[in-house]
Amino acid sequence: ISCNPVTIQGPEAPQRGDPRSRGSGALLASHRRPPPSPLSHGCRGAVASLSLECGAHRAVNLAGGAASGALRPPGLCRHQNAGDTPTLKRPLLLTRLRIGFLRARLGPTDLRPLDILAEAVPPNGAAGGIRVTQAHGVRGLQLSAAAPHAVSFPASRIFFRCDLFPEEFSIVITLKVPSLPPKKNEYLFTVVAEEPDALLLGLRYSPTRLHFLFLSQDAAGAWQTRVTFLSPTLMDSQWHTLVLAVSEGSFSLTTDCGLPVDIMADVPFPATLSVRGARFFIGSRKRTKGLFTGLVRQLVLLPGSDATPRLCPCRSAELAVLSIPPVLQGLSGRPEDNEVLKYPYETDLKVTLGSRPPCTKAEDAQFWFDASRKGLFLCVGSEWVSVLAAKEKLDYVEEYQSLFTSSETLGIEVFAIPEAGLFVAAANRKATSAIYKWTDGKFASYQNIRTHQAQSWRHFTIGKKVFLAVANFEPNEKGQEFSVIYKWSQRKLRFTPYQRVPTHSARDWEAFQVAGEHFLAVANHREGDNHNIDSVIYKWNPRTRLFEANQTIATSGAYDWEFFTVGPYSFLVVANAFNGTSTKVHSHLYVWLLGSFQLFQAFLTFGAADWEVFRIGERVFLAVANSHSYDVEAQVHNDSYVVNSVIYELNVTAQAFVKFQEIPTCSALDWEFFSVGEDYFLVVANSFDGNTFSVNSIIYRWQGYEGFVAVHSLPTFGCRDWEAFRTAAGSYLVYSSAKEPRSRVLRLRTG
């Protein structure tokens, strides 16, 4: 399709040779009356008229204003021949490209966003029933208490020179919607003609759909057209920003800067929809039925283009801003004495009581009151921040309970099961390991499980299922070598065997998730006398409901796995303890790339027995417990057990962990990080100094520039593992002994 010569009307006719004087196959037009800009321009002005082969007519404003009317890509004229009906629809992508082409030809356009919400809420005072409410730290307007007429204004306020609604436009709305019962609908906004009472256009939602409504008419009469988008996932009690872009028969919905959902409708949006005498209603359809009961933060009309490129990408896509009313940007001014705020201000305050709850996106901007610490905390990001509390300080540590076990205990795991309580699992050296339950302020025996020189336990969940995996070091009586995953039975209130997994002198399990999938990594220590063997990462199969081998990683006397994330990246680090001749071996850090773990960094370690990852503010640390400096070619000295353990810090610029601090330790087997009030601590499990197992384990306190400084010395005997936990009564530490059948619970006394 080619354009006929251009006839110029108006004061800015281009001269011969001007690019504007040439026709373009990218531009077609309708012979319908072109809709003008709804901004400060009138319906008329200096225009260039493009006459095209299909007999259509196109008017373009050359006075520096917006294009008035719709451009059509080649082959999409309203009428191919006289009497034909339109059969082709224009893809939304071409619409967006076409708008860009128009801007390139005509220069800057006056496509200013129109803040519909700001028009409805006067700046000198809130209308009756409107309240400013805060949810998840974000302010919005609650309209449900207001009469429908209270949140409305005449369309002539913004369409004051032309009464035609733009043929192409975007609607941007930020809202937080409540859950609705089935078959109920609520209106987000409408444009209603006064006489007769007819809905010209509007937006409403139901539990599973979002509907865009508009009035269509032709010579035969008028009818209401509805464009429906399925399952916009709005009712999750979170904020969302929607962009509805309309261009003739193309309708596109973008939620939170995600992938757009495009619909090509049989009935296009009308090119000449008059809003003369109509009113905008926010949160209603001029009636009490269907009133919007949620919160709205933004409602903007952008004529002539898709608003998505203006908003996206955005760090907080659910709160992307094009324009919001001043009242929601902050309380205006500082009230004088006895001055009543112009806008009532409320918030959906929720305070959680009891033990420390999780701080996730769902709890963001919510409070937690800790009765034991007499403090109020606010969830910010992923951390509880003290708001009102006497600063808690660790004064001293006292022995609270002697936990007698059937034999020496190599590892312990503290965990909670919803509606069941707090537990600790002890991995005992001999044939029976035990689970204890916190009852009346003490751990009491709860369940015995047959194990084979158990080294450690790992608690994890998959959905609502609760699991506990034991790492067995020795084979059973039949010579079979395996570790076992147990599942919590809601009926029996006990752990029952769920799956056997072949292992080789297993030392540790690590459970983690990557991209929504569940994994278990086992640290295989040796097979016979061979320490250089593969450790295995297992992946949960939702179909079989079993763990299946997914990846093997070569390890040397593997002792421990530790998983952590930094931003979008997932890491897994192994503690390699012995290669058959020396404890001076490299332990390795792996990063998840392209569906598997790949080597990221190597650390020189000495009998590495444990890794502990922890964060202080935005800083990320890794601490390794070095247990023994030994080489078969060197003469063994007693002080070979007194070696430095090392703390590394992530250097984002170098994209590597760098050495931060070395701490002298005595055959260290474990690190445990915990906090008291605003202070951070590390406790090390010192087990042997070359002469005796009666060695003090040390608590170190974070002191900023100084690093970690020793503050408490705790007498321990063959200390193997530390766990920190908290109850409503206070904070505790528990450690296991590999040299006596007794573990100890210590209470942290604070002031």
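These figures come from a predicted structure and were not determined experimentally.

Draft legend 1. Quick look at the packing of aromatic side chains. Applying the stated criterion across every chain, the model contains 62 aromatic pairs. Note on Phe165 and Phe169: the rings are 5.0 Å apart at their centroids and 90° apart in plane angle, and the pair reads as edge-to-face. Among the aromatic residues, those joined into a ring-pair cluster are Phe153, Phe159, Phe165, Phe169, Phe212, Phe214, Phe251, Phe269 and Phe280. Against the face of Tyr400 rests Lys442, its NZ or CZ located 5.1 Å from the ring centre. Above the face of the Tyr446 ring, Arg494 is positioned so that its terminal group lies 4.0 Å from the ring centre.

Draft legend 2. Broad picture of the pattern of salt bridges. Applying the stated criterion across every chain, the model contains 17 salt bridges. Notably, a salt bridge pairs Glu186 with Lys184, separated by 3.9 Å at the nearest N-O pair. Residue classification places Lys184 among the partly exposed residues on the basis of a relative accessible area of 35%. For Arg458, the salt bridge identified is with Glu510, shortest N-O distance 3.5 Å. Taken together, the residues span a long stretch of sequence, with Arg458 in strand β32 (residues 454–462) and Glu510 in strand β36 (residues 506–514) at a distance of 52 residues. The exposure class assigned to Arg458 is buried, which follows from its relative accessible area of 18%. Take Glu510: its relative accessible area is 8%, and that puts it in the buried class. Each of Glu413, Arg458, Asp508 and Glu510 takes part in one network of salt bridges that share partners.

Draft legend 3. The arrangement of the environment of Ile537 in detail. Within the secondary structure, Ile537 is located in strand β38 (residues 532–541). Taking the relative accessible area as the measure of exposure, Ile537 reaches 1% and is therefore buried. In this structure, the C-alpha to C-alpha distance between Ile537 and Glu510, residues 27 residues apart in sequence, is 9.2 Å. The residues contacting Ile537, other than those within four sequence positions of it, are Phe512, Phe519, Leu520, Ala521, Glu548, Ala549, Asn550, Gln551, Ile553, Leu572 and Phe597.

Draft legend 4. Structural context of the sheet that holds β36. Ordered by their spatial adjacency, four strands build an open sheet running β36-β37-β38-β39, and the pairing between neighbours is antiparallel. Unpaired on one side and paired on the other, β36 and β39 (546–556) mark the two borders of the sheet. Taken pair by pair, the neighbouring strands of this sheet meet at an average axis angle of 20°, ignoring direction. Sheet analysis places β36 next to strand β37 (residues 517–524), joined by eight bridges and oriented antiparallel. Bridge pairing in β37 links Ala506 to Asn524.

Draft legend 5. Quick peek at the sheet that holds strand β13 (residues 198–205). Pairing within the open sheet is antiparallel, and its six strands lie in the order β9-β20-β12-β13-β14-β15. Looking at strand neighbours, the two that pair on one side only are β9 (152–154) and β15 (221–230), the edges of this open sheet. Along the sheet, successive strands turn relative to each other by an average axial angle of 15°, direction set aside. Strand direction decides the pairing type here: strand β14 (residues 209–218) and β15, joined by 10 bridges, are antiparallel. If you follow Asp218 over to β15, its bridge partner there is Gly221.

Draft legend 6. Geometry of the pairing of strand β46 (residues 642–651). A large share of β46 lies buried, amounting to seven of its 10 residues. Here four bridges tie strand β45 (residues 619–626) to β46, and the two strands are oriented antiparallel to one another. Within the sheet, the bridge partner assigned to Val624 lies in β46 and is Val646. Summarising the sheet, β46 and strand β47 (residues 656–666) pair through 10 bridges and their orientation is antiparallel. Bridge pairing in β47 places Val642 opposite Cys666.

Draft legend 7. Looking closely at unusual backbone geometry. Going from Cys312 to Pro313, the amide bond is cis rather than trans, its omega being 0°. A positive phi angle, near 70°, is found at Lys183, a position not held by glycine. Looking at the secondary structure, you find Lys183 in the loop between β11 (168–176) and β12 (186–193).

Draft legend 8. Highlighting the confidence of the model for the protein chain. Per-residue pLDDT for the protein chain averages 81, and the proportion of residues at 70 or more is 79%. A low-confidence stretch, residues 1–110 (pLDDT under 50), is modelled with 213 contacts involving residues beyond four sequence positions or located in other chains.

Draft legend 9. A look at the environment of Phe160. Structurally, the position occupied by Phe160 is in the loop between β9 and β10 (164–165). In this structure the C-alpha to C-alpha distance between Phe160 and Arg276, which are 116 residues apart in sequence, comes to 9.5 Å.

Draft legend 10. Seen up close, the state of the cysteines. Evaluation of the coordinates by the stated rule reveals two disulfides. Through a disulfide, Cys257 is tied to Cys312; the S-S separation comes to 1.9 Å. One disulfide, between Cys257 and Cys312, carries an S-S torsion of -80° and so falls in the left-handed class. Of this pair, Cys257 sits in the loop between β17 (250–255) and β18 (261–264) while Cys312 sits in the loop between α3 (308–311) and β22 (345–347); the two residues are 55 residues apart in sequence, bridging distant segments of the chain.

Draft legend 11. Layout of the nonpolar core. In this structure, Leu141, Phe165, Phe212 and Phe280 are the most contacted members of the largest nonpolar core, which totals 54 residues. The next biggest cluster of nonpolar side chains, apart from the first, holds 21 residues, and it includes Val591, Val613, Tyr648 and Phe657.

Draft legend 12. Spatial organisation of the pairing of β45. Burial within β45 is extensive, with seven of its eight residues counted as buried. Of the pairings in the sheet, the one linking strand β44 (residues 608–616) to β45 comprises eight bridges and is antiparallel in character. When the sheet's bridge partners are listed, Val613 is paired in β45 with Leu622. Counting the residues between successive antiparallel strands, the hairpin from β44 to β45 contains two residues, one of them, Gly617, with a positive phi of roughly 65°.

Draft legend 13. Layout of a nonpolar patch on the surface. There is a patch of nonpolar side chains on the surface, built from Val351, Leu353 and Phe369 and spanning about 270 Å² of accessible area. Residue placement: Phe369 occurs in strand β24 (residues 367–370). The class for Phe369 is partly exposed, based on a relative accessible area of 33%.

Cut-offs applied
- Residues numbered from 1 in each chain as written.
- Predicted model: local features only at pLDDT ≥ 70, side-chain atom pairs only at ≥ 80, totals over all residues.
- Heavy atoms only, no water.
- Phe/Tyr/Trp six-rings, centres within 6.5 Å; stacked < 30°, edge-to-face > 60°.
- Lys NZ or Arg CZ within 6 Å of the ring centre and 35° of its normal.
- Salt bridge = Lys/Arg side-chain N within 4 Å of Asp/Glu carboxyl O.
- Buried < 20%, exposed > 50% of the residue type's maximum accessible area, 1.4 Å probe, protein only.
- Helix = DSSP H or I, 4+ residues; strand = E, 2+ residues; numbered from the N terminus.
- Contact = heavy atoms within 4.5 Å.
- Pairing = 2+ DSSP bridges.
- Axes fitted to C-alpha atoms, helices over the stretch in contact; angles between N-to-C directions.
- pLDDT = per-residue confidence, 0-100.
- Disulfide = S-S within 2.5 Å.
- Core = buried A, V, L, I, M, F, W, Y, C linked by side-chain atoms within 4.5 Å.
- Patch = residues over 30% accessible without salt bridge, like charges linked within 9 Å, V, L, I, M, F, W, Y side chains within 5 Å.
- Areas by Shrake-Rupley, 256 points an atom, 1.4 Å probe, with all protein chains shown as cover.

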